[in-house]
Amino acid sequence: MSEENCIFCKIAEGAIPANKIYEDELAIAFHDITPQSPTHVLIIPREHLESLNDAGKGDVALLGHLLWLAPKIANQLGMAEDGFRTCINTGADGGQSVFHLHVHVMGGRPMTWPPG
Ligand code: DGP
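What comes next concerns the included structure.

1. As for the overall build of the protein chain
A count of helical and extended segments in the protein chain gives 2 helices and 5 strands. Across the protein chain, helices and strands are ordered from the amino to the carboxyl terminus as α-β-β-β-α-β-β. Against the globule reference of 13 Å for 116 residues, the protein chain gives a C-alpha radius of gyration of 14 Å, in line with a compact fold. For the protein chain, buried positions account for 38% of its 116 residues.

2. Focus: the pairing of strand S5 (residues 103-107)
Counting buried residues along S5, 5 of its 5 residues qualify, which places the element largely inside the surrounding structure. On S5, burial covers both faces: Val-103, Val-105 and Gly-107 on one face and His-104 and Met-106 on the other are all buried. Bridge analysis of strand S4 (residues 84-87) against S5 gives 4 bridges, and the strand direction is antiparallel. Across the sheet, the residue bridging to Cys-87 is His-104, located in S5.

3. A short note on the sheet that holds strand S2 (residues 27-31)
Read across the sheet, 5 strands follow the order S1-S2-S3-S5-S4 without closing on themselves; strand pairing throughout is antiparallel. The open sheet has two edge strands with one neighbour each: strand S1 (20-23) and S4. Adjacent strand axes in the sheet meet at a mean angle of 20 degrees when their direction is disregarded. Here 3 bridges tie S1 to S2, and the two strands are oriented antiparallel to one another. Across the sheet, residue Glu-23 finds its bridge partner in S2, namely Ile-28. In this fold helix H2 (residues 60-76) packs onto S1, S2, strand S3 (39-45), S4 and S5, with an angle of close to 155 degrees to the strand it touches most, S3.

4. Quick word on the pattern of salt bridges
Tallied over the full model, the rule gives 1 salt bridge. Arg-46 is the salt-bridge partner of Glu-23, the closest N and O atoms lying 3.0 Å from each other. Linking Glu-23 in strand S1 with Arg-46 in the loop between S3 and H2, this pair joins segments that are 23 residues apart in sequence. Judged by its relative accessible area of 44%, Glu-23 is partly exposed. On the basis of relative accessible area, Arg-46 is assigned to the partly exposed category, the value being 31%.

5. Side note on the environment of Leu-63
Relative to the helices and strands, Leu-63 is located in helix H2. Using a relative accessible area of 23% as the deciding quantity, one classes Leu-63 as partly exposed. Along the chain, Leu-63 and Leu-52 lie 11 residues apart, while their C-alpha atoms are 8.9 Å from each other.

6. Some remarks on H2
Between its first and last C-alpha atoms H2 spans 25 Å; for 17 residues at 1.5 Å apiece the expected length is 24 Å, and the two agree. The largest bend in H2 amounts to roughly 25 degrees and is located at Ala-70, with the proline Pro-71 lying one to four residues further along. If you check which residues of H2 are buried, you get Leu-62, His-65, Leu-66, Leu-69, Ala-70, Ile-73 and Ala-74. Residues of H2 that are buried in the fold lie against S1, S2, S3, S4 and S5. Positive phi shows up at Gly-78, right after H2, with a value of about 80 degrees.

Calculation notes
- Residues numbered from 1 in each chain as written.
- Predicted model: local features only at pLDDT ≥ 70, side-chain atom pairs only at ≥ 80, totals over all residues.
- Heavy atoms only, no water.
- Helix = DSSP H or I, 4+ residues; strand = E, 2+ residues; numbered from the N terminus.
- Rg over C-alpha atoms; globule rule 2.2 N^0.38 Å.
- Buried < 20%, exposed > 50% of the residue type's maximum accessible area, 1.4 Å probe, protein only.
- Pairing = 2+ DSSP bridges.
- Axes fitted to C-alpha atoms, helices over the stretch in contact; angles between N-to-C directions.
- Contact = heavy atoms within 4.5 Å.
- Salt bridge = Lys/Arg side-chain N within 4 Å of Asp/Glu carboxyl O.
- Expected span 1.5 Å × (residues − 1).
- Bend = angle between axes of the 7 residues up to and from the residue.

See below:
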């Protein structure tokens, strides 16, 4: 999907509403519209990257920033102590449905392994 038609780019720009809980110069976080756990947040880069497959060496700091944010946001939402799951789905077999890189942060219930 191109950047022009990307729903997460539109959310990052504020053109489409989302329940945002965090933003900085590199990333924003908002509640997932179809939560799979009591708390389910997505962290996305402002920059359009389709998936981990498209991240280059120049994106290493950005990827680190997204992961660094996960426990901060989990803590903000009160789930750091009990634990939470981070997940990045990549491509069709990875279960990716929105082709703008995003980190799922899920908590509020015990998770099972392996995922389906
Ligand atoms: P994935 O399947 O890993 O690509 O996850 C995409 C997630 O994005 C999925 O859990 C649902 C969520 N999502 C899709 N469209 C929207 C939207 O317009 N707003 C919000 N808040 N979440 C969305």
